[in-house]
Amino acid sequence: MTTERRVLWVTGAGSGMGRASAVAAAASGWRVAVSGRRANAVAETATMIRDAGGEALELAVDVTDEDALGEAHGRLVDTWGDVDGVVLAAGLNTPRRNWGDQSMTDFAAIVDTNLTSVARVVDLVLPGMRRSGRGDIVVVSSRSGWRFSPGAGVAYMSSKTALGALVASLNDQEGAHGVKACHLCPGDVDTDFLAMRPEVPGAQQRAQMLTADDIARTVRFVLDSPAHVRIDELAVSPIGQR
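Source: prediction; values computed, not measured.

Participant: Could you give an account of the pattern of salt bridges, naming the residues involved and the relevant values?
Facilitator: By the definition in use, this model includes 14 salt bridges. For Glu-58, the salt bridge is made with Arg-50, and the minimal N-O distance between the two is 3.0 Å. Accessibility expressed as a relative area gives 27% for Glu-58, which makes it partly exposed. Of the charged contacts in the structure, one is a salt bridge between Arg-230 and Asp-232, with a shortest N-O distance of 2.9 Å. Given a relative accessible area of 40%, Arg-230 falls into the partly exposed group. Classification of Asp-232 by relative accessible area gives partly exposed; the value is 34%. Through salt bridges with shared partners, a single ionic network connects Arg-6, Arg-134, Asp-136 and Lys-180.

Below is the structure:
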């Protein structure tokens, strides 16, 4: 164990990459607080962690609810103390992705979930990270935030691209406090998130994609890197993705 039971908060931990990352981090020695909108899914992730011998704290919360998010953070700090690391994996998209069919209501919801909620969580944990002199932030973005991906949609691509600037600002302004952030950009991953595509991929397409565990290993690599090592941006794609 290289993390000495440090405290990690994972959003979007009820399924997919968030769940896999939470389980992998717990196996590496982190105490993991798991967040998501669905209390039953959050409980399932926590059970997986505990069954493997790890420590988990359930924080069922919608990251777009600022007040509830603040309360969840307060509960986490009261239970385990300041947060040492965060993995921000909550995400949203819609099948209606183009200028010709998207709605501004959907656009705002996607940006709120994918971008603004990341800033909310970071803003909550930064004071504690500054106090400790170290903080590890992994923003699970998308290949769409690294390379133009028209099929991902206007709102999704815009929100994920903006995360690159958010991460860069953290590294520029908070590095002096020992805080480091990674803009992690996965390509196609076989998770339930694929259900939000206009055309849901079939089994043959899914078999060629990354898995949630592939991304979890990558997240664990970033989290467990030495304190002096910062991984600014990391793109991970399946072989053959164009």
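Participant: Tell me about the sheet that holds strand E5 (residues 135-140), and name the residues and values.
Facilitator: One open sheet accounts for seven strands, arranged E3-E2-E1-E4-E5-E6-E7; its pairing is parallel. This sheet does not close on itself; its edge strands, each paired only once, are strand E3 (56-60) and strand E7 (233-236). The mean inter-strand angle of the sheet, taken between neighbouring strand axes irrespective of direction, is 15°. Across five bridges, strand E2 (residues 31-36) lies against E3 in parallel orientation. Directly across from Val-34, in E3, lies its bridge partner Glu-58. Packing of helix H2 (residues 39-51) onto the sheet brings it into contact with E2 and E3, and relative to E3 it is tilted by some 175°. Contacts from helix H7 (residues 212-223) reach strand E1 (7-11), strand E4 (85-88), E5, strand E6 (179-186) and E7 within the one sheet, and its direction differs from that of E6 by about 160°.

Parameters and conventions
- Residues numbered from 1 in each chain as written.
- Predicted model: local features only at pLDDT ≥ 70, side-chain atom pairs only at ≥ 80, totals over all residues.
- Heavy atoms only, no water.
- Salt bridge = Lys/Arg side-chain N within 4 Å of Asp/Glu carboxyl O.
- Buried < 20%, exposed > 50% of the residue type's maximum accessible area, 1.4 Å probe, protein only.
- Pairing = 2+ DSSP bridges.
- Helix = DSSP H or I, 4+ residues; strand = E, 2+ residues; numbered from the N terminus.
- Axes fitted to C-alpha atoms, helices over the stretch in contact; angles between N-to-C directions.
- Contact = heavy atoms within 4.5 Å.

What is shown is where atoms sit, not what they do.
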